[in-house]
Amino acid sequence: MFQTGWFIESLVTEILILLVIRTRHSAFSSKPSRYLLTAVVLSLLIAIAIPYFGPASLAGLRPLPGSVLLVLLGIAVVYFFFSEVAKLIFFRVTAGAGRRIM
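Residues numbered from 1 in each chain as written. Predicted model: local features only at pLDDT ≥ 70, side-chain atom pairs only at ≥ 80, totals over all residues. Heavy atoms only, no water.

Caption draft 1: Representation of the overall build of the protein chain in the model. A tally of helices and strands in the protein chain yields three helices and zero strands. Of the regular secondary structure in the protein chain, the N- to C-terminal order runs α-α-α. The globule rule puts the C-alpha radius of gyration for 102 residues at 13 Å, and the 17 Å found for the protein chain is more than 25% above it. Classification of the 102 residues of the protein chain by burial places 30% in the buried group. A fraction of 76% describes how many contacts in the protein chain between residues 6 or more apart in sequence connect residues 24 or more apart. Just so you have it, the protein chain exposes about 7,100 Å², and 75% of that area is on carbon and sulfur atoms. (Helix = DSSP H or I, 4+ residues; strand = E, 2+ residues; numbered from the N terminus. Rg over C-alpha atoms; globule rule 2.2 N^0.38 Å. Buried < 20%, exposed > 50% of the residue type's maximum accessible area, 1.4 Å probe, protein only. Contact = heavy atoms within 4.5 Å. Areas by Shrake-Rupley, 256 points an atom, 1.4 Å probe, with all protein chains shown as cover.)

Caption draft 2: Main features of the packing of aromatic side chains. Overall, the coordinates contain five aromatic pairs when judged by the stated rule. Ring centres 5.7 Å apart and planes at 45° place the aromatic pair Phe-2 and Trp-6 in the tilted group. Taken together, the residues Phe-2 and Trp-6, both in helix 1 (residues 2-21) and four residues apart, mark about one turn of the helix. A single burial state applies to Phe-2 and to Trp-6, both of which are exposed. (Phe/Tyr/Trp six-rings, centres within 6.5 Å; stacked < 30°, edge-to-face > 60°.)

Caption draft 3: Summary view of the packing of helix 1 against helix 2 (residues 34-49). Packing of helix 1 against helix 2 brings their axes to within 9 Å, and their N-to-C directions diverge by 175°. In terms of their interaxial angle, helix 1 and helix 2 are classed as roughly antiparallel. Residues Phe-7, Ile-8, Leu-11, Val-12, Ile-15, Leu-16 and Leu-19 of helix 1 lie in contact with helix 2, whose contacting residues are Leu-36, Val-40, Ser-43, Leu-44, Ala-47 and Ile-48. Of the residues in the contact of helix 1 with helix 2, the class split is 12 nonpolar, one polar and no charged. (Axes fitted to C-alpha atoms, helices over the stretch in contact; angles between N-to-C directions. Parallel < 35°, antiparallel > 145°, perpendicular 65-115°, else oblique. Nonpolar A, V, L, I, M, F, W, Y, C, P; charged D, E, K, R; others polar.)

Caption draft 4: Quick peek at a nonpolar patch on the surface. On the surface, Leu-37, Val-41, Leu-42, Leu-45 and Ile-46 cluster together into a nonpolar patch covering about 450 Å² of accessible area. Secondary-structure assignment places Val-41 in helix 2. Assessed through its relative accessible area of 41%, Val-41 is described here as partly exposed. (Patch = residues over 30% accessible without salt bridge, like charges linked within 9 Å, V, L, I, M, F, W, Y side chains within 5 Å. Salt bridge = Lys/Arg side-chain N within 4 Å of Asp/Glu carboxyl O.)

Caption draft 5: Helix 2, seen in detail. The end-to-end C-alpha separation of helix 2 is 22 Å, in line with the 22 Å expected for 16 residues at 1.5 Å each. Listed as buried for helix 2 are Val-40, Leu-44, Ala-47 and Ile-48. Seen end-on, helix 2 carries its buried residues on one side only, within an arc spanning 95°. In helix 2, those exposed residues whose orientation departs by more than 90 degrees from the buried face are Arg-34, Tyr-35, Leu-45 and Ile-46. (Expected span 1.5 Å × (residues − 1). Arc of directions from axis to C-beta.)

Caption draft 6: Up close: the environment of Leu-37. In this structure, Leu-37 sits in helix 2. On the basis of relative accessibility, which here comes to 40%, the residue Leu-37 falls in the partly exposed class. Taking C-alpha positions, Leu-37 is 8.8 Å from Leu-19, a pair spaced 18 residues apart along the chain.

Here's what the structure looks like:
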């Protein structure tokens with residue numbers, strides 16, 4: 001179960017981080033293209049679904065209970081929000097530093 005949880009959490013957080021790093025503005029105020037949004041949603045669905053199909057057991061993946069899956073998704077959402085805050089702070093600090101140098 002740990003291996004499957006790690007697999008899902010890694011994929012989901014990395015997919016969500018794409019939305020954070022694609023722009024220096026807030027991910028909430030900068031709307032992604034239809035293609036990126038479609039790719040993100042499909043990738044998330046596939047990442048979550050992989051352990052529930054037969055061949056996944058060959059890689060040591062097992063279906064997770066719904067409660068565990070919800071906790072993992074909650075962790076990914078929290079990670080997304082903290083990454084967004086860190087990005088906004090980073091750009092605020094570096095923008096201020098650039099003005100002082102010039």
